[in-house]
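Take a look at the letters that make up each chain.
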Amino acid sequence: MSLRPAIRVEHLYKQYRLYDPTARYTTLRDAIAGSLRRPFRASAKRGARFWALEDINFEVMPGDTVGII
């Protein structure tokens, strides 16, 4: 008799958006002016995303001890 996994994880992905500490709340005037300037500036990295986990697979068998940080 073979044991079946107590927990099975397949194709786990986790993506984060980077926080921009220089970001601030804007007024309507700032938002309008910014949208008019946007075509003339280089693309910003604000809100850049990165993958913390990509296609993770694992099984936990009955009786195994697992720690997830």
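See the structure printed just above.
Rules and cut-offs
- Residues numbered from 1 in each chain as written.
- Predicted model: local features only at pLDDT ≥ 70, side-chain atom pairs only at ≥ 80, totals over all residues.
- Heavy atoms only, no water.
- Phe/Tyr/Trp six-rings, centres within 6.5 Å; stacked < 30°, edge-to-face > 60°.
- Helix = DSSP H or I, 4+ residues; strand = E, 2+ residues; numbered from the N terminus.
- Buried < 20%, exposed > 50% of the residue type's maximum accessible area, 1.4 Å probe, protein only.
- Contact = heavy atoms within 4.5 Å.

Visitor: Please set out the packing of aromatic side chains residue by residue, giving values where relevant.
Guide: Across all of its chains, the model carries two aromatic pairs by this definition. With centroids separated by 5.7 Å and ring planes inclined at 70°, the aromatic side chains of Tyr 13 and Trp 51 adopt a geometry described as edge-to-face. Here the residue Tyr 13 occupies a position in strand S1 (residues 7–17), and Trp 51 occupies one in strand S2 (residues 49–60), the gap between them amounting to 38 residues. Residues Tyr 16 and Phe 50 carry aromatic rings whose centres are separated by 5.8 Å and whose planes lie at 25° to one another, so their mutual orientation is stacked. Here Tyr 16 is found in strand S1, whereas its partner Phe 50 is found in strand S2, with 34 residues between them in sequence. In this structure Tyr 16 comes out as partly exposed when scored by relative accessible area, which is 40%.

Visitor: Tell me about the environment of Val 60, and please be specific about residues and values.
Guide: Along the polypeptide, Val 60 turns up in strand S2. With a relative accessible area of 8%, Val 60 lands in the buried category. C-alpha of Val 60 to C-alpha of Val 9: the two residues are 51 residues apart in sequence and 8.8 Å apart in space. Ignoring anything within four residues of it in the chain, the contact list for Val 60 reads Pro 5, Ala 6, Ile 7 and Val 66.

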